[in-house]
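# A structural walkthrough
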There are 4 protein chains.
Amino acid sequence: MPDVGVWLIGARGSVATTAVAGCAAVTAGLRPPAGLVTEKPEFADAGLPPLTSLVFGGHDISDTPLVKRAEQLAAEGVLPVGLAAAVESELAAADREIRAGWVRGSGVAGGVRAEPGGAGTVHAGAEPGTGDAYETPRPSAPGDADAGPKDPSALLERDEQHVAALAADIQDFVRRRGLARAVVVNVASTEAASDGAALPPSSLYAAAALRAGCPYVNFTPSTGLHHPALAGLAEASGLPYAGRDGKTGQTLLRSVLGPMFNRRALEVRSWSGVNLLGGGDGAALADPGAAAAKNAGKERVLADTLGTVPEGRVHIDDVPALGDWKTAWDHIAFDGFLGTRMTLQTTWQGCDSALAAPLILDLARLLLRAHERGLSGPLPALAFFFKDPVGEAPAGLEEQWAELAGFARELGPTDAVAERGPGTGGEEA
Amino acid sequence: MPDVGVWLIGARGSVATTAVAGCAAVTAGLRPPAGLVTEKPEFADAGLPPLTSLVFGGHDISDTPLVKRAEQLAAEGVLPVGLAAAVESELAAADREIRAGWVRGSGVAGGVRAEPGGAGTVHAGAEPGTGDAYETPRPSAPGDADAGPKDPSALLERDEQHVAALAADIQDFVRRRGLARAVVVNVASTEAASDGAALPPSSLYAAAALRAGCPYVNFTPSTGLHHPALAGLAEASGLPYAGRDGKTGQTLLRSVLGPMFNRRALEVRSWSGVNLLGGGDGAALADPGAAAAKNAGKERVLADTLGTVPEGRVHIDDVPALGDWKTAWDHIAFDGFLGTRMTLQTTWQGCDSALAAPLILDLARLLLRAHERGLSGPLPALAFFFKDPVGEAPAGLEEQWAELAGFARELGPTDAVAERGPGTGGEEA
Amino acid sequence: MPDVGVWLIGARGSVATTAVAGCAAVTAGLRPPAGLVTEKPEFADAGLPPLTSLVFGGHDISDTPLVKRAEQLAAEGVLPVGLAAAVESELAAADREIRAGWVRGSGVAGGVRAEPGGAGTVHAGAEPGTGDAYETPRPSAPGDADAGPKDPSALLERDEQHVAALAADIQDFVRRRGLARAVVVNVASTEAASDGAALPPSSLYAAAALRAGCPYVNFTPSTGLHHPALAGLAEASGLPYAGRDGKTGQTLLRSVLGPMFNRRALEVRSWSGVNLLGGGDGAALADPGAAAAKNAGKERVLADTLGTVPEGRVHIDDVPALGDWKTAWDHIAFDGFLGTRMTLQTTWQGCDSALAAPLILDLARLLLRAHERGLSGPLPALAFFFKDPVGEAPAGLEEQWAELAGFARELGPTDAVAERGPGTGGEEA
Amino acid sequence: MPDVGVWLIGARGSVATTAVAGCAAVTAGLRPPAGLVTEKPEFADAGLPPLTSLVFGGHDISDTPLVKRAEQLAAEGVLPVGLAAAVESELAAADREIRAGWVRGSGVAGGVRAEPGGAGTVHAGAEPGTGDAYETPRPSAPGDADAGPKDPSALLERDEQHVAALAADIQDFVRRRGLARAVVVNVASTEAASDGAALPPSSLYAAAALRAGCPYVNFTPSTGLHHPALAGLAEASGLPYAGRDGKTGQTLLRSVLGPMFNRRALEVRSWSGVNLLGGGDGAALADPGAAAAKNAGKERVLADTLGTVPEGRVHIDDVPALGDWKTAWDHIAFDGFLGTRMTLQTTWQGCDSALAAPLILDLARLLLRAHERGLSGPLPALAFFFKDPVGEAPAGLEEQWAELAGFARELGPTDAVAERGPGTGGEEA
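As the structure is a prediction and not an experimental result, all values here were calculated from the model. (Residues numbered from 1 in each chain as written. Chains lettered and ligands numbered in written order. Predicted model: local features only at pLDDT ≥ 70, side-chain atom pairs only at ≥ 80, totals over all residues. Heavy atoms only, no water.)

### What about unusual backbone geometry?
All names here are of chain B. Going by this rule: Each helix corresponds to a stretch of at least 4 residues labelled H or I by DSSP, and each strand to a stretch of at least 2 residues labelled E; elements are numbered beginning at the N terminus.
In this structure, Arg244 follows Gly243 across a cis peptide bond, with omega equal to 5 degrees. Topologically, Arg244 is positioned in the loop between strand E6 (240–243) and helix H10 (250–263). Here the phi dihedral of Leu338 falls at roughly 65 degrees; this positive angle occurs in a residue that is not glycine. Looking at the secondary structure, you find Leu338 in the loop between strand E9 (325–335) and strand E10 (341–351).

Here it is as structure tokens:
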């Protein structure tokens, strides 16, 4: 099997570090493949690249070495004690393939790093939990606002040189490492809401992926490919892509509880929730704009599975004391027969990185294989992994699972992809 | 549409009272059909008997009038204030069709009532929450034990006259009320574990249903048709039947959460639960034997959906202060990627009667229609409703829903029942 | 024993209705005195007016009769079924003593009612759960803002005629009913944050209480006597008063959990909470200003009992589906020995009116007795009842209880009030 | 300051290991003294021996070195990563002072070790989480039962040689290390219920403590000094002692929640609980007899603080997957005014060793100082630390705290111990 690449936007974050360390630990037989969906029997014949063939690289604006990040994660209980040492060489190998991320306004782009410690290259108070491949945009200077183009595609043009530099980093990685192909996965901190005057950073990286000829996955609620300026590029690229916003906790639960109430004709009156989370994600989502993007995904799940929008809100609180551990409480008030009021409460206590990291490996493998099979466009059959999936997809987890399993069969060597029925994901190139 | 009968074993219990009162309230337009699965669009063309065609009767050893029971339920918050008065005539009509239940050792059987208040006819401490169609068996007298037959079918023979008397009550109901057919539904308190020397009461009623030519539903964890002495009778009857143990709370949740963990390859290490419930069910299940039957159903769901049996137990506590309200807490410890420990907790606070009653109406309608279509034998396509379903059926709720929806299509007037594929429930007569 | 008066601001709200109905039910022996602190043995010799001597009246801008309100509360499960009918005459008697509340800008003040249903007299969407003795202030007209006095006492002068009219209502009540004295208790919906250009309505009522020579209790987070314009009046009045913001749920819990962590030297890192509530209070507190007042009380409890301010926020969500039932979830992350992270979660599900109403009776009795004994000024010994108590008081519930029990001893006929030591509440007139 | 000794029964268990490692970490300034009650200001003048003066030793039947145990605890998240290495020399020093525990029937007693790995010396399936200073008693051999003395003091006589050998270990420790005094603290796994034919092992160790002239603390629910055979010895010894069963989680919570309900006159109808715990304690308490002892303490707290015994049970489940982490869920149904039903639920997720270990240090310091001041007999003023305290003591935590703070003042150098008032703990020698 030829080697294939996984290029991570936010490559020094906790999700990326956990994915790289975990891939090494599982392939070395140090740990069972818990949490890896693509290791389930349904995927055995899908022709996915083996875990041993994955080569990691990526962009980040932090320069903390991956080995050190892994040690920090072990101290927080995210990685098992001793794991960082056991997979040190794999972490170091990935570390060597990480290139400087892009910082708006610094004149710096991929491959050319600002002075270490220089102003603007590293977040002053960057949380160690999450990777940062771009700086939070600041209010534009007056001149910028005047220059703000109305035409979306003009936005892309304006940043084309940055996109090209980032794409060059990726292509260089593929070439030097002799990879058959590579997939770009965004696992950076959620970006702040944009003011529209410039492309958000996540969209620049997404454009760079396409320019480099790579399939793209957006595991965050950031804009990524969901920007009108990129629509033409995405369509013309003939590449498959998936997203948006990985479903790792509260929304995962909602995607099975919503259908339960629906099937039993129990009328949900209110669905309230609160998420407590530290780490970089907590800080990013304390920004109301960023939280709004995330909440939209959560509420879409309820509306789609219940058929109505119940009362209630979702709060996202930044609680640094919790670190990478997330606690989500949901309170659901529903009516049974004759209007009798009842409630369900759920408390989910999970480690975000440990939940997300295996899905990154799953998605990378699936996209790499989809690319190999010549699929292109949005892959709604991967809705199983996302809060806010691309394309038309069911919202209930079991229906999503059925579509995913069907997609796995289609990817396999025996089924001709051409025979796939409609609605199960992807268009052919 | 001709009228059809619903004969309830435990007809004065809270579930039965809620079903009768609720059917009247919904058909009168006083309340929306919340909780009624068969009012969902998927069942619109299944040819089910309309709610207005249902005529109620049943057996019970209590003689509290249904109107009074409904008022008690309103005081406990189970029924809306004022509902009992609004449907008083329907409750009174059902009340007139309730016959005395059977009490082992009293020489009394259906249709012949012991003296009101006489010893043995009413449980000394019977909880008002749940119907009681039979007494809890007491330790057999010495002579009984000696006479205990080894041959299961001999057990049935020994009680054949009681069965015949109970069946006569049902047949009389059908004849007098001019019903096209009737279904027998067991909603009595869970019976104590039997010593094997005699048929448990629930099995006598099940036998009576078959003798009377009626399809049968066992909504409780009691033995019912699950007794070797009844196997031949069930097969020879050509009647459809369903059961066992309605899925109304903790197990309903487990049937969607189990698949969620499985699909995501999250390894469940322990699943612990506690049920706090008052009412008659709490008292009955304080009996370890009865609880064991109920727990077997709960654990089967986990084993089937997870593929393994996690650590942990389920406790059922009788807490009379809670009345008909049930609180179930579940604690699930699971491992994510690299063995990271995470937990999910759920707290379900439901009113048992309000959850069960609409399902009684659903099951009655489905069995009546299945009988009309000539189906016979166990109906695994109704596994959606049960903890411990008959026949071969999936354990995940969504898969059960898919089977139920398919079954509804087959029941409909346009599909020929003969064309049904295998595995979707029932054999034809 | 002579009769004494309890004048309720928000007299048609759910708290007031429950207090009036409940006082009647308890004195008639229909219900035990659960929830009434002053019925505990510690208060037996405090010389409190008996429940049978309490005569109710008050202000409200709603005109829904109390009997109808009580029936609504029974339908929501707040009052027992049948109670409204059992105490109908007492409710009607209180109803006759309710006078029209004050509406800024309508030219209407106590005793002179606007046309029933006329514009401005009744909230369009007023929630039935909570009494409304005043309208939510709207943005002032331009002229108002110009006229806004900087001198606090000028604010009071400007509204003096309204105050006088409201006070006349109270004095008329005392005179007509031959009462020895009366206490004014604010149980109206939390008012919106004020813009400072005019006295908030709650302060007008508080001024009216003092003008009428009545002790005053503010059971809400509204401003009431906490306004600089009233400082001189309060001091000159020689009347005792207490408040602010009754402690009925989440904060009650915090006042015992905070000390627990403190005593055990467990370091609380974060304390996050969410309150879901419907009824009028939910709607009022959806206003961020009103919520801020309430949250200040909650956070003061933590700061005072823990000695530090932990991370975390409190959210108050309006969830109309919950009606008068409130669910509060708290998540506390704390460090044990060597920094080991642990958590406590609490879920409190209470009925606000049922929690508040008995405390209203308790406070009324205590203030009436304090007045009789000639006490004056803030009574910090009543901190037991409040989130944000007046004067210097401990924040832990047990310490507050000790002060309250000491205060009860001082009120008693055998102890000379003059011998009270400092710090246990009140100054003598 | 002279050195003083802390002799731990179960010295290789997780609580003991955490106490030894933690004491070293705090005195070295590696960690703040979170969880150490005696580091609070109230104890500053009590004359307690400083943490730096504590020298550790003890009995255990395991021979896993403390350093290795500390590493295991770090892998489970009980100790911080890296701590074991940082305090390795202190752990090794304590390790050298651990002597072989006593095993009934092996002819082995303190100081004389059975062959390593030999039959009977180590539990086959001993959980690593908790120390084991004795084997679980097995059914006595026939000869034993015949010889079973009816006279309690005869029981002690029969085992006197074992007691003497264990006491010699302690005295040797004091002498060799030049200690001013030593305290014996039982932190071994809860012992199985005894059949009465012989002294339970915990009582042998307690007798040895007294024989060695040491004050004694029983932090477990095991019998210890609570045995009639030891009554005379305890009284004659003139030594102070404290116990029983450390209050570290669910009961700690109950000791503040019980008073809260009581003070507010809220009537608790039911209080149900479940404890999920792994480690050695989970396995030990799966034994119904051992659980009964623990539950008695839990229920005593409720009865004493509420004044009544509510409905409901406590379950203790062994869930090995949880390791040293304990989850306790409580469900409390209470009535407010007019009987309105409300509930409180709590979920406590704690690490048993991290909760217990600092209290071991606290108790050791307090008993050492009490001994120095010549106090003797039971010390009810230490009820703050226990589920089932010795002597007459209040059950509410705040009242216990007040007594503890008073006791600290009495221990101090300025107060004459002779002037202590009654009821605050201890009798003088």
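This is not the end of the story, as more comes after the structure.
### So, the side chain of C:His331
Defined as follows: Note on definitions: a residue-residue contact is assigned when non-hydrogen atoms from the two residues lie within 4.5 Å.
With respect to the helices and strands, C:His331 occurs in strand E9 (residues 325–335). For C:His331, the contacting residues outside a window of four places in its chain are A:Leu276, A:Leu322, A:Thr327, C:Ser270, C:Trp271, C:Ser272, C:Thr343, C:Leu344 and C:Gln345.

### Some remarks on the sheet that holds strand E7 (residues 267–277) of chain B
In a beta sheet, neighbouring strands are held together by backbone hydrogen bonds and run either parallel or antiparallel to one another. As a reminder of what qualifies: For two strands to count as paired, DSSP must find a minimum of two bridges between them. To get an axis, fit a line to the C-alpha atoms, keeping to the stretch in contact for a helix; angles then go from 0 to 180 degrees between the N-to-C directions.
The strand order across the open sheet built from eight strands is E8(A)-E7(A)-E9(A)-E10(A)-E10(B)-E9(B)-E7(B)-E8(B), with neighbouring strands paired in mixed fashion. Because the sheet does not close on itself, it has two edges, and the strands there are strand E8 (314–318) of chain A together with strand E8 (314–318) of chain B. The sheet shows a mean angle of 10 degrees between the axes of neighbouring strands, direction not considered. One ladder, built from 11 bridges, connects E9(B) with E10(B); its direction is antiparallel.

### Considering helix H13 (residues 352–372) of chain C
Residue and element names in this part refer to chain C. Convention followed: In this analysis, the expected span of each helix is defined as 1.5 Å times one less than the number of residues it contains. Remark: exposure states derive from per-residue accessible area (1.4 Å probe, protein chains only) relative to the maximum for the residue type, with buried under 20%, exposed over 50%, and partly exposed in between.
The end-to-end C-alpha distance of H13, which contains 21 residues, comes to 30 Å, matching closely the 30 Å that a straight helix rising 1.5 Å per residue would cover. Most of H13 is tucked away, with 20 of its 21 residues classed as buried. Where H13 ends, the next residue or the one after it, Gly374, has phi of about 80 degrees, a positive value.

### Overview of the relation of the copies chain B and chain D
What counts here: Residues below a pLDDT of 70 in either copy are left out; the C-alpha atoms of the rest, at least 70 in both, set the least-squares superposition of the copies.
Mapping chain B onto chain D leaves a residual RMSD of 0.0 Å; the transformation is a rotation of 180 degrees accompanied by 0.0 Å of translation along its axis. The two molecules are tied by a two-fold rotation axis, judged by turn and shift. Both copies contact each other with a shared surface, as 100% of the interface residues of chain B are interface residues in chain D too.

### Focus: the interface of chain A and chain B
Using the following cut-off: The term buried area refers to how much accessible surface (probe radius 1.4 Å) is lost by two components on association, counted for both of them together. Within this document, salt bridges are pairs made up of a side-chain nitrogen of Lys or Arg and a carboxyl oxygen of Asp or Glu, the two lying within 4 Å of each other.
Facing the 62 residues of chain A at the interface are 61 residues of chain B. A combined buried area of about 4,800 Å² lies between chain A and chain B, and 65% of that area is made up of carbon and sulfur atoms. On the surface where chain A and chain B come into contact, there are two salt bridges. The residue A:Arg263 makes a salt bridge to B:Glu398 at a minimum N-O spacing of 2.9 Å.

### A few points about the environment of B:Trp348
Tracing the sequence through the fold places B:Trp348 in strand E10. Once the C-alpha coordinates of B:Trp348 and B:Asp330 are considered, the two residues, 18 residues apart in sequence, prove to be 8.6 Å apart. Apart from residues no more than four positions distant in its own chain, B:Trp348 is found in contact with A:Met260, A:Phe334, A:Thr343, A:Leu344, B:Thr248, B:Gly249, B:Leu252, B:Leu253, B:Lys326, B:Thr327, B:Ala328 and B:Leu355.

### Topic: the packing of aromatic side chains
Our working rule: Pairing of aromatic side chains here covers Phe, Tyr and the six-membered ring of Trp, requires ring centres within 6.5 Å, and sorts the geometry by plane angle: under 30 degrees stacked, over 60 edge-to-face, intermediate tilted.
Summed over all chains, the structure comprises 34 aromatic pairs over all chains. Between A:Phe384 and A:Trp401, the ring centres sit 5.5 Å apart and the planes meet at 55 degrees, which makes this aromatic pair tilted. Remark: A:Trp401 occurs in helix H14 (residues 397–411) and A:Phe384 occurs in the loop between strand E11 (375–378) and H14; sequence separation between them is 17 residues. In terms of burial, A:Phe384 and A:Trp401 fall into one category: buried. With a centroid separation of 4.9 Å and 55 degrees between ring planes, the pair formed by B:Phe261 and B:Phe334 is classed as tilted. Residue B:Phe261 is found in helix H10, and its partner B:Phe334 is found in strand E9; the two are separated by 73 residues along the sequence. For B:Phe261, a relative accessible area of 0% puts it in the buried group.

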